[in-house]
Amino acid sequence: MTGSPAGTGDLAETLASALARLDVLESQDAIRRLKADYMQWCDDKRGRDLADLWWPDGIWEGVGPLAEGRWQGHEAIAAMFEASPKRLSFTVHYLTNEAIVVDGDRAVGRWKILEPATFGSDVAFWQGGRYENDFERRDGVWKMTHLRLWLDFRSPYETSWAAGPLTLPG
């Protein structure tokens, strides 16, 4: 009789399956930490540090009627985040409804966002929407490749989103 002892094939399959599931869980956790760093570093106004969360060819993109533009590459993303505190002096990013789907060395993460913010020094407002981010693992490290932010509303703090959208000065 040739081949594996009884049950060895099942054990190898079980181990391979467990390792694949473990990789997905560890990948989701790494992506979750990456996204948490992004949100906190935005609030901490860490400018150039934020660009390091993307691969060098990465993209930050605002999508939809309240879109904020599109920046590609470390230098463009870093410059955008360095300029941001001049416009948004205060932000607190809250994320909910997380969904992270890992497929090998690529992943997509989706979140809802609610953000109280201040434009300049005196215009308090709320904005909310959703993120859809693409991630890639290179040499064992997860980073963003494409961040998309859809803002569903932006409204004055004193009234509400029911009053209609708030337009921020250029």
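**Topic: the pairing of strand S6 (residues 123-138)**
- Of the pairings in the sheet, the one linking strand S5 (residues 106-119) to S6 comprises 14 bridges and is antiparallel in character. Residue pairing across strands places Arg106 opposite Glu136, the latter belonging to S6.
- With antiparallel pairing between neighbouring strands as the criterion, S5 and S6 make up a hairpin whose turn holds three residues, including Gly120 at a positive phi of roughly 65°.
- One ladder, built from 14 bridges, connects S6 with strand S7 (residues 141-156); its direction is antiparallel. Within S7, the residue paired with Gly129 across the bridge is Leu151.
- Here S6 hands over to S7 after two residues, with Asp139 in that stretch at a positive phi of 50°.

**Comments concerning the nonpolar core**
- Tyr38, Trp54, Trp60 and Phe81 are the most contacted members of the largest nonpolar core, which has 29 residues in total.
- Mapped by element, the contributors of at least two residues to this core are helix H1 (8-43), helix H2 (48-51), strand S1 (54-63), helix H3 (74-87), strand S4 (94-103), S5, S6 and S7.
- Looking at this core element by element, the count peaks at seven residues for H1.
- Discounting residues that sit within four places of it in the chain, Tyr38 has contacts with Leu50, Leu53, Trp54, Trp60, Phe81, Tyr131, Met144 and Leu147.
- Of all hydrophobic cores here, the second largest spans six residues; its members include Leu88, Ala117, Phe125 and Leu166.

**Regarding the environment of Lys35**
- Looking at the secondary structure, you find Lys35 in helix H1.
- A residue is classified by how much of its surface remains accessible, and Lys35, at 1% relative accessible area, is buried.
- Distance in space between the C-alpha atoms of Lys35 and Gly9 is 39 Å, their sequence separation being 26 residues.
- Filtering out sequence-adjacent residues up to four positions away, Lys35 remains in contact with Leu95, Trp111, Tyr131, Asn133 and Leu147.

The rules we used
- Residues numbered from 1 in each chain as written.
- Predicted model: local features only at pLDDT ≥ 70, side-chain atom pairs only at ≥ 80, totals over all residues.
- Heavy atoms only, no water.
- Pairing = 2+ DSSP bridges.
- Helix = DSSP H or I, 4+ residues; strand = E, 2+ residues; numbered from the N terminus.
- Core = buried A, V, L, I, M, F, W, Y, C linked by side-chain atoms within 4.5 Å.
- Buried < 20%, exposed > 50% of the residue type's maximum accessible area, 1.4 Å probe, protein only.
- Contact = heavy atoms within 4.5 Å.

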